[in-house]
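Observations on the model geometry
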Amino acid sequence: QVQLVESGGGLVQAGGSLRLSCAASGRAFSPYFMAWFRQAPGKEREFVSRIQWRGSSTYYADSVKGRFTISRDNAKDTVYLQMNSLKPEDTAVYFCAASSYYSPIGVRAEMYTVWGQGTQVTVSS
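Quantities reported herein were computed from a predicted structural model and do not represent experimental measurements. (Residues numbered from 1 in each chain as written. Predicted model: local features only at pLDDT ≥ 70, side-chain atom pairs only at ≥ 80, totals over all residues. Heavy atoms only, no water.)

The strand order across the open sheet built from 4 strands is β1-β3-β8-β7, with neighbouring strands paired in antiparallel fashion. The open sheet has two edge strands, β1 (3–7) and β7 (68–73), and neither has a second partner. For this sheet, the mean inter-axis angle between neighbouring strands, taken without regard to orientation, is 15°. Bridging between β7 and strand β8 (residues 78–83) involves 6 bridges; their strand directions are antiparallel. By the bridge assignment, I70 is partnered in β8 with L81. (Pairing = 2+ DSSP bridges. Helix = DSSP H or I, 4+ residues; strand = E, 2+ residues; numbered from the N terminus. Axes fitted to C-alpha atoms, helices over the stretch in contact; angles between N-to-C directions.)

Summed over the entire model, instances satisfying the criterion amount to 4 salt bridges. One salt bridge in this structure joins D62 and K65, with 3.1 Å as the shortest N-O distance. An identical accessibility class is assigned to D62 and K65; each is exposed. Here R67 makes a salt bridge to D90, at a shortest N to O gap of 2.7 Å. In this pair, R67 is assigned in the loop between β6 (58–60) and β7 and D90 in the loop between β8 and β9 (92–99), connecting sequence segments 23 residues apart. For the pair shown, R67 and D90 are each scored as buried. The structure contains a network of salt bridges with shared partners spanning R38, E46, R67 and D90. (Salt bridge = Lys/Arg side-chain N within 4 Å of Asp/Glu carboxyl O. Buried < 20%, exposed > 50% of the residue type's maximum accessible area, 1.4 Å probe, protein only.)

Quick look at the structure:
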């Protein structure tokens with residue numbers, strides 16, 4: 001069974017940067033997509049970004065486009081989310097997730113079957 005463990009969250013001032021990591025462990029890991037979602041207090045979980053595990057395709061939510069960058073290291077079974085120019089509205093618990101299913105865009109949470117426990121990101125104004 002695959003497990004995902006996020007790290008790298010914390011408290012940062014607006015305009016600052018953080019890099020989140022998500023390491024996979026367990027049986028042979030070969031998803032189709034890896035993604036980051038986030039959930040702020042009182043709000044629904046929302047898509048942030050996803051990357052094709054064996055390809056170059058990436059996709060971003062409009063709210064983070066140009067500020068966040070998703071990347072992966074297949075040798076380490078790890079996906080990253082570099083977050084720059086952070087805003088208070090980026091405050092949320094960030095989750096990484098893996099999907100074995102193909103979709104043209106890959107933003108629906110329902111297609112992701114393996115989830116990490118989440119890491120808190122807090123951006124102060």
